[in-house]
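Chain and residue survey
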Amino acid sequence: MTRPLEGLKVLELARILAGPWIGQVLADLGADVIKVESPDGDDTRTWGPPFVEAADGGDLSAAYFHAANRGKKSVVVDFRTPEGQADVLRLAAKADVLVENFKVGGLKKYGLDAETLRAAHPRLIYCSVTGFGQTGPYAERAGYDYLVQGMGGLMELTGEPKGEPMKVGVAFADIFTGLYATVGILAALRRRDATGQGATVDMALLDCQVGVLANQAMNYLVSGTAPTRLGNAHPNIVPYQVFAVSDGYVIVAVGNDAQFRRFCAVIGDAALGEDPAYATNRERVRLREELVERLTDLVATFTKADLLAKLEAAGVPAGPINRLNEVFDDPQVIARRMRIDVPAPDAAGGTIPGVRTPITIDGQPMVSDQPSPALGAHTAASKAGDLW
């Protein structure tokens, strides 16, 4: 099967995570992505340990780098030199899409800004990723995922009520920005098909963080009351949280009234499920504290395996809390081929592990069969004009 973006040329002037995430998704979908790196390389090449072990006993950059750069070609360019600027301009002239995550105005002095390149190449889709966007009072600030999780409200919604605010365990704002940017690029390409005109896609980490506040944002906008941390509980559904069992913890995610009745029957108190005081989710949310206390006592007598098996049989959504080794050993994750091992002759063992882009089209997982590139591996081919 031909991947849907084969033939699309993408020039990536990006490093760290949000911008490279865009390039990797597009590469997995079939695009030809050239990653332009400084002579020192993408910062994340050194963000280890762990490092991917090389066949010769050295290393092939940090695992972090390989999380976001599969399927690309690496060209080393020094923007500070006229020769380097000419190299990038030559590549940009043939690109369908350019992705960059420099500070606002950072590429203008090199003639690589959106206004200059789109004037010369009207069909170009130019995507800029910054912390705060191209406009507004914070536009000149540097943006970092951690800061944006705090500024965008996520940390005030994450953590225990009496504990400190918590960030999410992965770069949430960076990754969502990468995904939204990919959607924006694909939409701009679709419009170009109709009009022949390119576009400037302005992506901001803070915009994306605010954009995914979802029901919590609406809870505030409708009620005027700012939601606060609830630990593992849900602001709008009860019971929908972690419960302690005799040998660990389980997640119970009761989504409707019928599931609540079945849940109560499984844990040994069918009458509680029939009690009119708790018959609707509205009432269960109102009486959250007293109800959860009763449920907690009942659940605590079960083992994790016993409770999960009984809830699954009863059609009540529930699940374990897995460590990452358990995630990748999970039969469903294995069946869906989420872990990949990309052929890489320079790596110890001949492959580099990874996680595929979770898109499947007509039964084919969308993933590049090429590993992340060595720094500058394609520089000579680029100078010779053999890449595009």
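Here, the structure is the one placed above.
This report concerns the structure included in the present document. (Residues numbered from 1 in each chain as written. Predicted model: local features only at pLDDT ≥ 70, side-chain atom pairs only at ≥ 80, totals over all residues. Heavy atoms only, no water.)

Topic: the overall build of the protein
Convention followed: The way it works is that DSSP assigns letters per residue, a run of H or I at least four long becomes a helix, a run of E at least two long becomes a strand, and they are numbered from the N terminus. Accessible area is worked out with a 1.4 Å probe on protein chains only. A residue is then buried under 20% of its type maximum, exposed over 50%, and partly exposed in between. For this analysis, residues touch if any pair of their heavy atoms sits within 4.5 Å. In this description, accessible areas are obtained by the Shrake-Rupley approach with a 1.4 Å probe, and a residue is regarded as covered only by the protein chains that are shown. Here the positive residues are Lys and Arg and the negative ones are Asp and Glu; neither His nor the chain ends is included. For this purpose, a charge sits on NZ of Lys, CZ of Arg, CG of Asp or CD of Glu.
Secondary structure assignment for the protein yields 16 helices and 15 strands. C-alpha atoms of the protein, sized along the principal axes, occupy 75 × 50 × 40 Å. Here the protein, with 388 residues, has 42% of them falling under the buried criterion. Considering only residue pairs separated by 6 or more positions, the protein has 67% of its internal contacts joining residues 24 or more positions apart. Working note: accessible area of the protein is about 19,500 Å², and carbon and sulfur atoms make up 56% of it. Across the protein, the mean location of the 38 positive side-chain charges is 5 Å away from that of the 47 negative side-chain charges.

A few points about the packing of helix H9 (residues 257-266) against helix H13 (residues 304-314)
For clarity, the threshold we go by: Fitting a line to C-alpha atoms yields each axis, with helices limited to the stretch in contact; the angle taken between N-to-C directions then spans 0 to 180 degrees. By the definition adopted for this analysis, an angle is roughly parallel if under 35 degrees, roughly antiparallel if over 145, roughly perpendicular if from 65 to 115, and oblique otherwise. Note on convention: near helix rotated counterclockwise from far helix by under a right angle means a left-handed crossing. Clockwise means right-handed. Only Asp, Glu, Lys and Arg are considered charged, only Ala, Val, Leu, Ile, Met, Phe, Trp, Tyr, Cys and Pro nonpolar, and every remaining residue, Gly among them, polar.
Close contact between H9 and H13 brings their axes to 10 Å; oriented N to C, the two are set at 140 degrees. Compared by their axis directions, H9 and H13 come out oblique. Of the two elements, H9 crosses H13, and the hand of that crossing is right-handed. Listed contacts from H13 to Arg262, Phe263 and Val266 of H9 are Leu307, Lys310, Leu311 and Ala314. For the contact of H9 with H13, the residue count by class is five nonpolar, no polar and two charged.

Notes on empty space enclosed by the protein
The condition is simple: Definitions used for this entry: grid spacing 1 Å over protein atoms alone; cavity, a set of points where a 1.4 Å probe fits but cannot get out; pocket, an open set with protein on both sides within 12 Å along at least 5 of 7 lines; lining residue, one with an atom within 4 Å of a point. Grid points are joined across faces, edges and corners, and a volume is the space filled by probe spheres set on the points.
By the definition in use, this model includes two cavities of 30 Å³ or more. Along its surface, the largest cavity is lined by His66, Arg70, Ile340, Val342, Ile352, Pro353, Gly354, Pro371 and Ser372. Where the lining of the largest cavity is concerned, the elements lending two or more residues are strand S12 (339-343) and strand S13 (351-355). Ranked by the residues each element gives to the lining of the largest cavity, the list is headed by S13, at three residues.

Quick word on the layout of surface pockets
For the largest pocket, the calculated volume is near 1,300 Å³. Taken together, 41 residues form the lining of the largest pocket, with Trp21, Ala67, Val170, Phe328 and Val355 sitting closest to its centre. Here the element with the most residues in the lining of the largest pocket is S13; it accounts for five residues. Here the residues of the lining of the largest pocket are counted per class, giving 28 nonpolar, seven polar and six charged. By volume, the second largest pocket is sized at about 510 Å³. Among the elements of the structure, helix H1 (18-28) and strand S7 (125-130) are those that each provide at least two residues to the lining of the second largest pocket. The residue makeup of the lining of the second largest pocket, split by class, is twelve nonpolar, five polar and six charged.

Describing helix H3 (residues 82-94)
Note the threshold: Take the number of residues in a helix, subtract one, and multiply by 1.5 Å to get its expected span. In this description, one arc is meant: the one made by directions from the helix axis to the C-beta atoms.
Between its first and last C-alpha, H3 extends 19 Å over 13 residues, near the 18 Å set by a 1.5 Å rise per residue. For H3, every residue scored as buried is listed here: Gly84, Gln85, Asp87, Val88, Leu91 and Ala92. Along the long axis of H3, the arc covered by the buried residues comes to 155 degrees, so they all point the same way. Among the exposed residues of H3, those pointing more than 90 degrees away from its buried face are Pro82 and Glu83. Contacts from the buried residues of H3 go to strand S1 (9-13), strand S2 (32-37), strand S6 (97-100), helix H4 (114-120) and helix H16 (379-383).

Focus on the pattern of salt bridges
Where charged atoms from two side chains of opposite charge approach closely, those side chains can pair. Note the cut-off: Any Lys or Arg side-chain nitrogen located within 4 Å of an Asp or Glu carboxyl oxygen qualifies as a salt bridge.
All told, the structure shown has 19 salt bridges when counted by the stated rule. Note that Arg3 and Glu6 form a salt bridge whose closest N and O atoms lie 4.0 Å from each other. By relative accessible area, Arg3 is classed as buried at 16%. Note that Asp28 is salt-bridged to Arg70, the shortest N-O span being 2.6 Å. With Asp28 in helix H1 and Arg70 in the loop between helix H2 (63-66) and strand S5 (72-76), this pair connects stretches of sequence that are 42 residues apart.

Digging into the nonpolar core
In plain terms, the rule: Side-chain atoms within 4.5 Å are what join buried Ala, Val, Leu, Ile, Met, Phe, Trp, Tyr and Cys residues into a set we call a nonpolar core.
Membership of the largest hydrophobic core comes to 30 residues, with the highest contact counts inside it found for Val10, Ile22, Val97, Ile125, Cys127 and Ile185. Within the residue set of this core, elements represented by two or more residues are H1, S6, S7, helix H6 (172-195), strand S8 (199-204) and helix H7 (205-211). Among residues more than four places away in sequence, those in contact with Cys127 are Ile22, Leu98, Val99, Glu100, Ala181, Ile185, Val201 and Met203. Counting residues in each nonpolar core, the second largest holds 23 residues, with Val250, Phe263, Val266 and Val292 among its members.

Re the sheet that holds S7
How we decide: Whether two strands pair comes down to DSSP finding at least two bridges between them.
Ordered by their spatial adjacency, six strands build an open sheet running S5-S2-S1-S6-S7-S8, and the pairing between neighbours is parallel. Looking at the sheet topology across the chains shown, the edges are occupied by S5 and S8. Going from strand to strand, the sheet's axes swing by 20 degrees on average, the running direction of each strand aside. Taken together, the four bridges between S1 and S6 define a ladder with parallel strand orientation. Pairing of Leu11 across the sheet is with Leu98, part of S6. Packing of H3 onto the sheet brings it into contact with S1, S2 and S6, and relative to S1 it is tilted by some 145 degrees.

With respect to the sheet that holds strand S10 (residues 248-253)
Read from one edge to the other, the open sheet built from three strands follows the order S9-S10-S11, with strand pairing classed as antiparallel. Edge positions in the sheet fall to strand S9 (240-245) and strand S11 (318-319), since each has one partner strand and no second.

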